[in-house]
Amino acid sequence: MREADIIISGGRIILMDEKGTTIQEGAIAIRGGEIIAIGEREVIIGHYVSKEVIDAHDCLIMPGLINGHTHA
């Protein structure tokens, strides 16, 4: 098992890629402030362990809306 600082688990993940990929029951592993793995919940939980796990069941997990309000 690999160690992560935080695992966000159980939510729907929007990857924001060209294909508009979503993962229905996903998880994200984070270490040192960086995402180290994204995938199906069972796969991430099977490969990573963390002292902090955020239950995101019935939630949407997506990138932060940085500078979401800009006046051009």
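Computed from a predicted model, the values in this text were never measured in an experiment. (Residues numbered from 1 in each chain as written. Predicted model: local features only at pLDDT ≥ 70, side-chain atom pairs only at ≥ 80, totals over all residues. Heavy atoms only, no water.)

1. Comments concerning the side chain of Ser50
Then comes step 1: Note that Ser50 resides in the loop between strand E5 (48–49) and strand E6 (52–55).
Then comes step 2: The exposure class assigned to Ser50 is buried, which follows from its relative accessible area of 16%.
Then comes step 3: Polar contacts involving the side chain of Ser50 include one to the main-chain carbonyl oxygen of Ala4, which spans 3.2 Å.
Then comes step 4: Within the local environment of Ser50, its side chain forms a polar contact with the backbone nitrogen of Ile6, the two atoms lying 3.4 Å apart.
Then comes step 5: Setting aside anything within four residues of it in sequence, one finds Ser50 in contact with Ala4, Asp5, Ile6 and Ile7. (Helix = DSSP H or I, 4+ residues; strand = E, 2+ residues; numbered from the N terminus. Buried < 20%, exposed > 50% of the residue type's maximum accessible area, 1.4 Å probe, protein only. Polar contact = N/O pair within 3.5 Å; in protein donor to acceptor, adjacent residues only side chain to side chain. Contact = heavy atoms within 4.5 Å.)

2. Details of a negative patch on the surface
Then comes step 1: A contiguous patch of negative charge on the surface is contributed by Glu25, Glu40, Asp55 and Asp58.
Then comes step 2: With respect to the secondary-structure elements, Glu25 resides in strand E3 (residues 22–31). (Patch = residues over 30% accessible without salt bridge, like charges linked within 9 Å, V, L, I, M, F, W, Y side chains within 5 Å. Areas by Shrake-Rupley, 256 points an atom, 1.4 Å probe, with all protein chains shown as cover. Salt bridge = Lys/Arg side-chain N within 4 Å of Asp/Glu carboxyl O. Lys, Arg positive; Asp, Glu negative; His and termini not counted. Charge placed at Lys NZ, Arg CZ, Asp CG, Glu CD.)

3. A look at a nonpolar patch on the surface
Then comes step 1: On the surface, Leu15, Ile35 and Ile38 cluster together into a nonpolar patch covering about 240 Å² of accessible area.
Then comes step 2: Judged by relative accessible area, which is 40%, Ile38 ranks as partly exposed.

4. Quick notes on unusual backbone geometry
Then comes step 1: Non-glycine residue Met16 carries a positive phi angle of around 60 degrees.
Then comes step 2: Looking at the secondary structure, you find Met16 in the loop between strand E2 (6–14) and E3.
Then comes step 3: Residue Met16 is classed as exposed on the basis of its relative accessible area of 56%.
Then comes step 4: A positive phi angle is found at Asp58, which is not glycine, with a value near 65 degrees.
Then comes step 5: With respect to the helices and strands, the residue Asp58 is situated in the loop between E6 and strand E7 (60–61).

5. Concerning the pairing of E2
Then comes step 1: Inspection of the sheet shows E2 paired to E3 by seven bridges, in the antiparallel sense. Looking at the pairing, Ile13 lines up with Ile23 of E3.
Then comes step 2: Across four bridges, E2 lies against E6 in parallel orientation. By the bridge assignment, Ile8 is partnered in E6 with Ile54.
Then comes step 3: Pairing analysis gives two bridges linking E2 to E7, with the strands arranged parallel. Along E7, the bridge assignment pairs Ile13 with Ile61. (Pairing = 2+ DSSP bridges.)

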